[in-house]
Amino acid sequence: MAHVITSPCIGTKNTQCITVCPVDAIHPRRDEPDFETASQLYINPETCIDCGLCVHECPVRAIFPMNDVPADQHQFVQINADYYKGK
Ligand code: SF4
């Protein structure tokens, strides 16, 4: 399982979540080339250890455990995973 970043992050990209993640599972970071063009931040489902630290850092409450993603946000499970395909 993993945590998932949903639509409130679009255009927000606060990045406080990145600073608390112990396994560097959230990208792009501000120092990565695609930060400016990415519409939101994404959690890598392969590396996230479900610690939950990022949830409380998000000012727009965009992050959920996979099993708690609201029904109208469920497409973001795939959207997060897709960002890491081929990386
Ligand atoms: Fe990182 Fe923990 Fe958030 Fe997963 S739940 S993205 S490991 S801070």
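Please read all numbers here as calculations on a predicted model, not as lab measurements.

**Side note on the overall build of the protein chain**
Step number 1: Helix and strand counts for the protein chain stand at three helices and four strands.
Step number 2: Tracing the protein chain from N to C terminus, the helices and strands come up as β-α-β-β-α-β-α.
Step number 3: The C-alpha radius of gyration computed for the protein chain amounts to 11 Å, which stays within 12% of the reference 12 Å derived for 87 residues, consistent with globular compactness.
Step number 4: Here the protein chain holds 87 residues, and the buried ones make up 40% of them.

**A word on the site of the ligand**
Step number 1: By nearness alone, every residue bordering the ligand is listed as His-3, Cys-21, Pro-22, Val-23, Ile-26, Ile-43, Cys-48, Ile-49, Asp-50, Cys-51, Gly-52 and Cys-54.
Step number 2: Residue composition of the shell around the ligand, by class: nine nonpolar, two polar and one charged.

**Comments concerning the pattern of salt bridges**
Step number 1: Applying the stated criterion across every chain, the model contains five salt bridges.
Step number 2: Between Glu-32 and Arg-29 there is a salt bridge, with its nearest N and O atoms 3.7 Å apart.
Step number 3: Residue classification places Arg-29 among the partly exposed positions, given a relative accessible area of 27%.
Step number 4: Three or more residues are tied together by salt bridges with common partners; here these are Asp-24, Arg-29, Asp-31 and Glu-32.

**Brief notes about the environment of Val-23**
Step number 1: For Val-23, the location among the structural elements is in the loop between helix H1 (16-20) and strand E2 (26-27).
Step number 2: On a C-alpha basis, the gap between Val-23 and Ile-10 in space is 23 Å, while along the polypeptide they are 13 residues apart.
Step number 3: Val-23 has contacts with Thr-47, Cys-48 and Ile-49, leaving out every residue within four places of it along the chain.

**What about the nonpolar core?**
Step number 1: The biggest cluster of nonpolar side chains holds 16 residues, and the ones touching the most others in it are Ile-5, Cys-17, Ile-26, Leu-41, Ile-43, Cys-54 and Ile-63.
Step number 2: Beyond its immediate sequence surroundings of up to four residues, Ile-63 is in contact with His-3, Val-4, Ile-5, Cys-17, Ile-43, Cys-54, Val-55 and Cys-58.

**Focus on the packing of aromatic side chains**
Step number 1: Under the defined criterion, the tally for this structure stands at two aromatic pairs.
Step number 2: Taken together, a centroid distance of 4.4 Å and an interplanar angle of 15 degrees make the contact between Tyr-42 and Tyr-83 stacked. In this pair, Tyr-42 sits in strand E3 (residues 42-43) while Tyr-83 sits in helix H3 (residues 75-83), placing the two residues 41 residues apart along the sequence.
Step number 3: Aromatic side chains Tyr-83 and Tyr-84 sit 4.9 Å apart centroid to centroid with 90 degrees between the ring planes, which places their arrangement in the edge-to-face category.
Step number 4: Three or more aromatic residues link up through ring pairs in this structure, and these residues are Tyr-42, Tyr-83 and Tyr-84.
Step number 5: Sitting above the plane of the Phe-35 ring, Lys-13 keeps its charged end 4.6 Å from the centroid.
Step number 6: Above the ring of Tyr-83, the side-chain terminus of Lys-87 is found at 4.4 Å from the ring centroid.

Rules used throughout
- Residues numbered from 1 in each chain as written.
- Predicted model: local features only at pLDDT ≥ 70, side-chain atom pairs only at ≥ 80, totals over all residues.
- Heavy atoms only, no water.
- Helix = DSSP H or I, 4+ residues; strand = E, 2+ residues; numbered from the N terminus.
- Rg over C-alpha atoms; globule rule 2.2 N^0.38 Å.
- Buried < 20%, exposed > 50% of the residue type's maximum accessible area, 1.4 Å probe, protein only.
- Near = heavy atom within 4 Å.
- Nonpolar A, V, L, I, M, F, W, Y, C, P; charged D, E, K, R; others polar.
- Salt bridge = Lys/Arg side-chain N within 4 Å of Asp/Glu carboxyl O.
- Contact = heavy atoms within 4.5 Å.
- Core = buried A, V, L, I, M, F, W, Y, C linked by side-chain atoms within 4.5 Å.
- Phe/Tyr/Trp six-rings, centres within 6.5 Å; stacked < 30°, edge-to-face > 60°.
- Lys NZ or Arg CZ within 6 Å of the ring centre and 35° of its normal.

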